[in-house]
Amino acid sequence: MIRVELDEASLGATRIAISPLRDAFCAMHLALPRRRPSWPYQEWVGQAREVWREDDRLRPLWDLFEEGRREVSDFLLPRPFGTVHVHEEIAALRATDPAFVRAQVAECYPGMADAPFVQPYLKDPEAACAALADAYAAYWEGAIEPYWPTMRRLVEDEVLVRARTFATEGVDALFAGLESRGRWQGGGSLPYSN
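Residues numbered from 1 in each chain as written. Predicted model: local features only at pLDDT ≥ 70, side-chain atom pairs only at ≥ 80, totals over all residues. Heavy atoms only, no water.

Participant: Sorry, what's going on with the pattern of salt bridges here?
Facilitator: If charged atoms from side chains of opposite charge come close, those side chains can pair. Enumeration according to the criterion identifies four salt bridges in this entry. The partner of Arg 57 in a salt bridge is Asp 55, with the nearest N and O atoms 2.6 Å apart. When the shortest N-O distance is used, the salt bridge between Asp 134 and Arg 94 registers 2.8 Å. Pair noted here: Asp 134 is in helix α8 (residues 125-144) and Arg 94 is in helix α5 (residues 86-94), with a separation of 40 residues, a long-range link. (Salt bridge = Lys/Arg side-chain N within 4 Å of Asp/Glu carboxyl O. Helix = DSSP H or I, 4+ residues; strand = E, 2+ residues; numbered from the N terminus.)

Participant: How should the packing of α5 against α8 be read in this particular structure?
Facilitator: Angle between the axes and distance between the axes are the two parameters that describe a pair of packed helices. Where α5 meets α8, the axes come as close as 8 Å, and the angle between the chain directions of the two elements is 165°. Here α5 lies roughly antiparallel to α8, going by the angle between them. Two packed elements cross with a definite hand, and for α5 against α8 that hand is right-handed. Of the residues in α8, those touching α5 at Val 86, Ile 90, Leu 93 and Arg 94 are Cys 129, Ala 130, Leu 132, Ala 133, Asp 134, Tyr 136, Ala 137 and Trp 140. Looking at the contact of α5 with α8 residue by residue, the class counts come to 10 nonpolar, no polar and two charged. (Axes fitted to C-alpha atoms, helices over the stretch in contact; angles between N-to-C directions. Parallel < 35°, antiparallel > 145°, perpendicular 65-115°, else oblique. Left-handed = near helix turned anticlockwise from the far one by under 90°. Contact = heavy atoms within 4.5 Å. Nonpolar A, V, L, I, M, F, W, Y, C, P; charged D, E, K, R; others polar.)

Participant: Mind showing me how you'd approach the packing of aromatic side chains here?
Facilitator: Any pair of aromatic rings gets described here by the distance separating the centres and the angle formed by the planes. Under the definition given, this model contains three aromatic pairs. Measuring from ring centre to ring centre gives 5.2 Å for Tyr 109 and Phe 117, while their planes differ by 85°; the resulting arrangement is edge-to-face. Note on accessibility: Tyr 109 and Phe 117 belong to one class, buried. (Phe/Tyr/Trp six-rings, centres within 6.5 Å; stacked < 30°, edge-to-face > 60°. Buried < 20%, exposed > 50% of the residue type's maximum accessible area, 1.4 Å probe, protein only.)

Participant: Sorry if this is basic, but what is going on with the nonpolar core here?
Facilitator: In globular proteins that are soluble, nonpolar side chains generally tend to be buried together. Of all hydrophobic cores here, the largest spans 42 residues; its most connected members are Trp 52, Leu 58, Leu 61, Tyr 136, Tyr 139 and Ile 144. Only α2 (20-31), α3 (42-54), α4 (59-64), α5, α6 (98-108) and α8 provide two or more residues apiece to this core. With 11 residues, α8 is the single largest residue contributor to this core. Each residue touching Ile 144, except ones within four places of it in the same chain, is listed here: Ala 24, Ala 27, Trp 44, Tyr 139 and Met 151. (Core = buried A, V, L, I, M, F, W, Y, C linked by side-chain atoms within 4.5 Å.)

Participant: Explanation requested: the side chain of Gln 104 in the structure shown.
Facilitator: Considering the arrangement of structural elements, one finds Gln 104 in helix α6. In contact with Gln 104, other than residues within four places in its own chain, are Ser 73, Asp 74, Phe 75 and Tyr 109.

Participant: How do you make sense of the packing of α2 against α8 when you look at a structure like this?
Facilitator: Where α2 meets α8, the axes come as close as 11 Å, and the angle between the chain directions of the two elements is 70°. Considering the angle they form, α2 stands roughly perpendicular to α8. As for the relative orientation of α2 and α8, their crossing is left-handed in sense. Facing α2, whose interface residues are Pro 20, Leu 21, Ala 24, Phe 25, Ala 27, Met 28 and Ala 31, α8 presents Tyr 136, Tyr 139, Trp 140 and Ile 144. Tallied by class, residues from the contact of α2 with α8 come to 11 nonpolar, no polar and no charged.

Participant: Before we go on, may I ask you to explain the confidence of the model for the protein chain in this structure?
Facilitator: Predicted coordinates in areas of low pLDDT are best not read in detail. Per-residue pLDDT for the protein chain averages 82, and the proportion of residues at 70 or more is 86%. Confidence scores differ between elements of the protein chain, with strand β2 (residues 189-192) showing the lowest mean pLDDT of 48 and α8 the highest of 95. Taken as a whole, residues 189-194 scores under 50 in pLDDT and shows 28 contacts with residues more than four places along the chain or in a different chain. (pLDDT = per-residue confidence, 0-100.)

Participant: What am I meant to see in α3 here?
Facilitator: The α-helix winds at 3.6 residues per turn, so residues separated by three or four positions along the chain end up facing the same way. If you check α3, its first and last C-alpha atoms are 19 Å apart, about what 13 residues at 1.5 Å a residue would give, namely 18 Å. Residues of α3 that are buried in the fold lie against α2, α4 and α8. (Expected span 1.5 Å × (residues − 1).)

Participant: So what exactly am I meant to see when it comes to the environment of Phe 175 here?
Facilitator: Tracing the sequence through the fold places Phe 175 in helix α10 (residues 171-176). The buried category is assigned to Phe 175, whose relative accessible area is 12%. On a C-alpha basis, the gap between Phe 175 and Thr 165 in space is 9.6 Å, while along the polypeptide they are 10 residues apart.

Next up, the structure:
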């Protein structure tokens, strides 16, 4: 179980935003070979898995999804800023400050400086972030873009519902409506089971 502790400042900074890049990242999890997605995702997953298998530009993403690797640092998936245009988020990833990348590697992957998937981010963070941005762009183009108009409408509807809940009923009601693996305990504690 993972427990996320949120202090008052964190709760005050909570925003509900659209992030096409995060949607793509989450969609990649559904397309992993060991996953058995439910309807209505089955047809899409078949097509997404073809993109996943056949496009070598996705190698930087493949490395992130290696069996057992769960860490996702802020430089690998930047904080959403509320755009509905994935290419803006990809551009932000591409422009990540190399010092921030190195600091995040030290924080998120302690003792793993020699790991092959970490090495590019230490040796040449600009090139590594550019390759990661290219991988996201390739996955987006092949697996998400044809479906994005529908997905965007659904995401926008969800954001409106969550924002209204947050504004009218407060943070307890917002987090109480999370998926079943997450549970809001109030007072700033959010246990989550993988």
